[in-house]
Amino acid sequence: MQFKTISMIGLGYIGLPTAAVFASRKIKVIGVDVNQKAVDTINRGEIHIVEPDLDMVVHAAVKEGYLRATTKPEPAEAFLIAVPTPFKGENHEPDLRYIESAAKAIAPVLAKGNLVILESTSPVGATEQMAEWLAEARPDLTFPQTHGEESDIRIAHCPERVLPGHVLRELVRNDRIIGGMTAKCSQLACTLYKSFVEGECVVTNARTAEMCKLTENSFRDVNIAFANELSMICDKLDINVWELIKLANRHPRVNILQPGPGVGGHCIAVDPWFIVSNTPEVARLVRMARVVNDSKPQWVVDKVKCAIADILVSEPQKSIVDVTVACLGLTFKPDIDDLRESPALAIAKDLSEKLASRVLVVEPNITALPEKISEHMGLVDLDFALAKADIVLLLVDHAGFKSVSAARVQGKTVIDTRGLWA
Ligand code: SAJ
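This section reports on the structure supplied with the text. A quick note: this is a predicted structure, and the numbers were derived from the prediction, not measured.

## Notes on the sheet that holds strand 13 (residues 391–394)
And step 1. Taken in spatial order, the 4 strands of this open sheet run 12-11-13-14, and their pairing is parallel. Edge strands, defined here as strands with exactly one partner in the open sheet, are strand 12 (358–362) and strand 14 (413–416). Direction aside, the axes of adjacent strands within the sheet are offset by 15° on average.
And step 2. Helix-sheet contacts for helix 12 (residues 284–314) involve strand 11 (324–328), strand 13 and strand 14, and the interaxial angle to strand 13 is about 165°.

Written out as structure tokens, the structure reads:
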């Protein structure tokens, strides 16, 4: 079967690039998003997110008539859902409300023979739950959970696994996990993805596909937690953690990741909690990694406070208001503009709000801070920050910070959370 028209529900960091890549293969894509502004932007052939080269691909897709955005679902042969799956509350319980509303929004336009794919990272069981919501909304159609291979609607979970900043390349080249609710569901989903995926489309069931995505991000989280814990141990033992890791990684079977100010973004800091919520009594290591990584920003804040105390002791003529802290970087990882769940931002905000010292913030990848943050801190350029700082706090290893010479930070207290200048 050849898909001619598909629909992407959710036009964010994953949905929009995926929609554009399908469109570049001459499949008509109806993009659906609740955000009217995003819809209008896309229909002008422009983009509302930052991702290298995406603007060109979207522009071409819209111009050639293969991609169109709307706020209201329309009939299509396949529906792909790429909406956020955050967690709610103190217990980090998964919040499936966006999947639920996407399912309820497409239900009225579903037709016999349609394929529905959940791409959003989800706790185990979410695809079956989505199938239930669809079945409740459309009692006139049959679904895999009750009719197996004979169902009118095919359903699969095919998680996205692309790295922000390299989305277009990874969408095409990475292997794709295809978790159909039945074998026929998987087969149809494979046919769809093979229109652009050059990697292998590997078939499994929906629950394994859900767990596979969570496992990948949790693997990374656990390993970063190990690196972060090492950095705190080494600090106490007066050992350079960056040198230590380099040395240990010379062992052929050791590959330690890099410590940092904490783990940010909307994936690695979130997804392990879905495993914990599925199996709270056994997911001890997964939970502990989250706890370790989440404790790192406060550890960095405490380091700054100690550094200020040291300055006040060694320069008694100074008071706390005379001490200037320059925070270099706010995004959740280098060379992007994404502030979501950024530990660097949390640290800078905490210092700005709670310290009597002057806090300067440098973030070369954004032109203005979001409104609710800008009341607490202002952006300055790197030269100004370095000239004024008593304490230079490196929070993000942006390429532009790498070239700062030792001479420019001489005499200042340097706290390098990324080992960029180690
Ligand atoms: N980080 C460290 N030390 C490291 C590596 C990363 O502190 O050695 C930090 C980063 O600074 C950042 C956070 O971890 O704050 C997450 O960054 P990342 O580059 O590890 O991952 P993401 O969140 O950009 O993308 C991840 C990827 N998952 C894996 O590599 C297993 C990506 O492939 C997924 O598609 C994505 O999550 C997602 O959407 O789930």
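After that view, the rundown keeps rolling.
## Some points on the site of the ligand
And step 1. Contacts to the ligand come from 20 residues, most closely from Glu160, Lys213, Arg220, Gln258 and Phe332.
And step 2. Here a nitrogen atom of the ligand sits 2.7 Å away from a polar atom, N or O, in the main chain of glutamine 258.
And step 3. Arginine 418 has a polar side-chain atom sitting 2.7 Å from an oxygen atom of the ligand.
And step 4. Against a free-state accessible area of 770 Å², the protein chains account for coverage of 88% of the ligand.

## Details of the pattern of salt bridges
And step 1. A complete count under the given rule lists 21 salt bridges for this structure.
And step 2. Residues arginine 161 and glutamate 216 are paired through a salt bridge, measuring 2.6 Å at the closest nitrogen-oxygen approach. With arginine 161 in the loop between strand 8 (154–157) and helix 7 (167–173) and glutamate 216 in helix 9 (residues 206–237), this pair connects stretches of sequence that are 55 residues apart.
And step 3. With relative accessibility at 26%, the residue arginine 161 sits in the partly exposed group.
And step 4. With a relative accessible area of 25%, glutamate 216 lands in the partly exposed category.
And step 5. Of the charged contacts in the structure, one is a salt bridge between arginine 340 and aspartate 338, with a shortest N-O distance of 3.1 Å.
And step 6. Of the residues examined, aspartate 338 reaches a relative accessible area of 5% and is grouped as buried.
And step 7. Each of Asp221, Arg290 and Asp294 takes part in a single network of salt bridges with overlapping partners.

## Observations concerning the sheet that holds strand 1 (residues 5–9)
And step 1. Ordered in space as 3-2-1-4-7-8-9-10, the 8 strands form an open sheet in which the pairing is mixed. At either margin of the open sheet sits one strand with a lone partner, and together these are strand 3 (67–70) and strand 10 (201–205). Geometrically, the sheet is characterised by an average inter-axis angle of 25° between neighbouring strands, direction not taken into account.
And step 2. Direction of pairing for strand 2 (residues 28–32) relative to strand 3: parallel, over a ladder of 4 bridges. Across the sheet, the residue bridging to valine 29 is leucine 67, located in strand 3.
And step 3. In this fold helix 1 (residues 15–24) packs onto strand 1, strand 2, strand 3 and strand 4 (78–81), with an angle of close to 170° to the strand it touches most, strand 1.

## Concerning the packing of aromatic side chains
And step 1. One pass over the structure, following the stated rule, counts 3 aromatic pairs.
And step 2. Ring centres of phenylalanine 22 and tyrosine 193 lie 6.1 Å apart, and the angle between their planes is 50°; on these two criteria the pair is classed as tilted. In this pair, phenylalanine 22 sits in helix 1 while tyrosine 193 sits in helix 8 (residues 183–193), placing the two residues 171 residues apart along the sequence. In this structure, phenylalanine 22 and tyrosine 193 share a single accessibility class: buried.
And step 3. A ring pair is formed by phenylalanine 22 and phenylalanine 196, whose centres lie 4.7 Å apart and whose planes are at 90°; its orientation type is edge-to-face. Here phenylalanine 22 is found in helix 1, whereas its partner phenylalanine 196 is found in the loop between helix 8 and strand 10, with 174 residues between them in sequence. Pair check on accessibility: phenylalanine 22 and phenylalanine 196 agree, each one buried.
And step 4. Cluster of aromatic residues (ring-pair linked, three or more members): Phe22, Tyr193 and Phe196.

## Let's talk about the packing of helix 11 (residues 271–278) against helix 12
And step 1. Running from N to C, helix 11 and helix 12 point in directions that differ by 140°, and their axes come no closer than 9 Å. Between helix 11 and helix 12, the angle is such that the two are oblique. Remark: the crossing between helix 11 and helix 12 carries left-handed chirality. Only Val286, Arg287 and Arg290 of helix 12 make contact with helix 11, whose side of the interface consists of Pro272, Trp273, Ile275 and Val276.
And step 2. Class assignment for the residues of the contact of helix 11 with helix 12 results in 5 nonpolar, no polar and 2 charged.

## A look at the pairing of strand 2
And step 1. Strand 2 sits mainly inside the fold: 4 of its 5 residues count as buried.
And step 2. Summarising the sheet, strand 1 and strand 2 pair through 5 bridges and their orientation is parallel. What sits directly across from serine 7, in strand 2, is isoleucine 30.
And step 3. Where the polypeptide runs from strand 1 across helix 1 and back to strand 2, its parallel neighbour, the crossover connection is right-handed.

## Focus: a nonpolar patch on the surface
And step 1. On the surface, Ile233, Leu237, Ile239 and Leu244 cluster together into a nonpolar patch covering about 330 Å² of accessible area.
And step 2. Take isoleucine 233: it is sitting in helix 9.
And step 3. Judged by relative accessible area, isoleucine 233 falls into the partly exposed class, the value being 39%.

## Things to note about the side chain of aspartate 271
And step 1. By secondary structure assignment, the location of aspartate 271 is in helix 11.
And step 2. Among buried Asp, Glu, Lys and Arg side chains, aspartate 271 stands out as unpaired, with lysine 213 the closest opposite charge at 4.5 Å.
And step 3. At a separation of 2.6 Å, a polar atom in the side chain of aspartate 271 contacts the side chain of asparagine 217.
And step 4. Setting aside chain neighbours within four positions, we find aspartate 271 in contact with Thr121, Lys213, Leu214, Asn217 and His266.

## Looking at the packing of helix 12 against helix 13 (residues 343–354)
When two helices pack together, you describe them by how their axes are tilted relative to each other and by the distance separating the axes.
And step 1. Between helix 12 and helix 13, the shortest axis-to-axis distance is 9 Å and the interhelical angle comes to 40°. In terms of orientation, helix 12 lies oblique with respect to helix 13. In this structure, helix 12 crosses over helix 13, and the sense of that crossing is right-handed. Within the contact between the two elements, helix 12 uses Pro297, Gln298, Val300, Val301 and Val304 and helix 13 uses Pro343, Ile347, Asp350 and Leu351.
And step 2. Residue composition of the contact of helix 12 with helix 13, by class: 7 nonpolar, 1 polar and 1 charged.

Calculation notes
- Residues numbered from 1 in each chain as written.
- Predicted model: local features only at pLDDT ≥ 70, side-chain atom pairs only at ≥ 80, totals over all residues.
- Heavy atoms only, no water.
- Pairing = 2+ DSSP bridges.
- Helix = DSSP H or I, 4+ residues; strand = E, 2+ residues; numbered from the N terminus.
- Axes fitted to C-alpha atoms, helices over the stretch in contact; angles between N-to-C directions.
- Contact = heavy atoms within 4.5 Å.
- Near = heavy atom within 4 Å.
- Polar contact = N/O pair within 3.5 Å; in protein donor to acceptor, adjacent residues only side chain to side chain.
- Areas by Shrake-Rupley, 256 points an atom, 1.4 Å probe, with all protein chains shown as cover.
- Salt bridge = Lys/Arg side-chain N within 4 Å of Asp/Glu carboxyl O.
- Buried < 20%, exposed > 50% of the residue type's maximum accessible area, 1.4 Å probe, protein only.
- Phe/Tyr/Trp six-rings, centres within 6.5 Å; stacked < 30°, edge-to-face > 60°.
- Parallel < 35°, antiparallel > 145°, perpendicular 65-115°, else oblique.
- Left-handed = near helix turned anticlockwise from the far one by under 90°.
- Nonpolar A, V, L, I, M, F, W, Y, C, P; charged D, E, K, R; others polar.
- Right-handed = clockwise from strand over helix to strand, strands pointing away.
- Patch = residues over 30% accessible without salt bridge, like charges linked within 9 Å, V, L, I, M, F, W, Y side chains within 5 Å.
- Lys, Arg positive; Asp, Glu negative; His and termini not counted.

Purely geometric numbers; function is a separate question.
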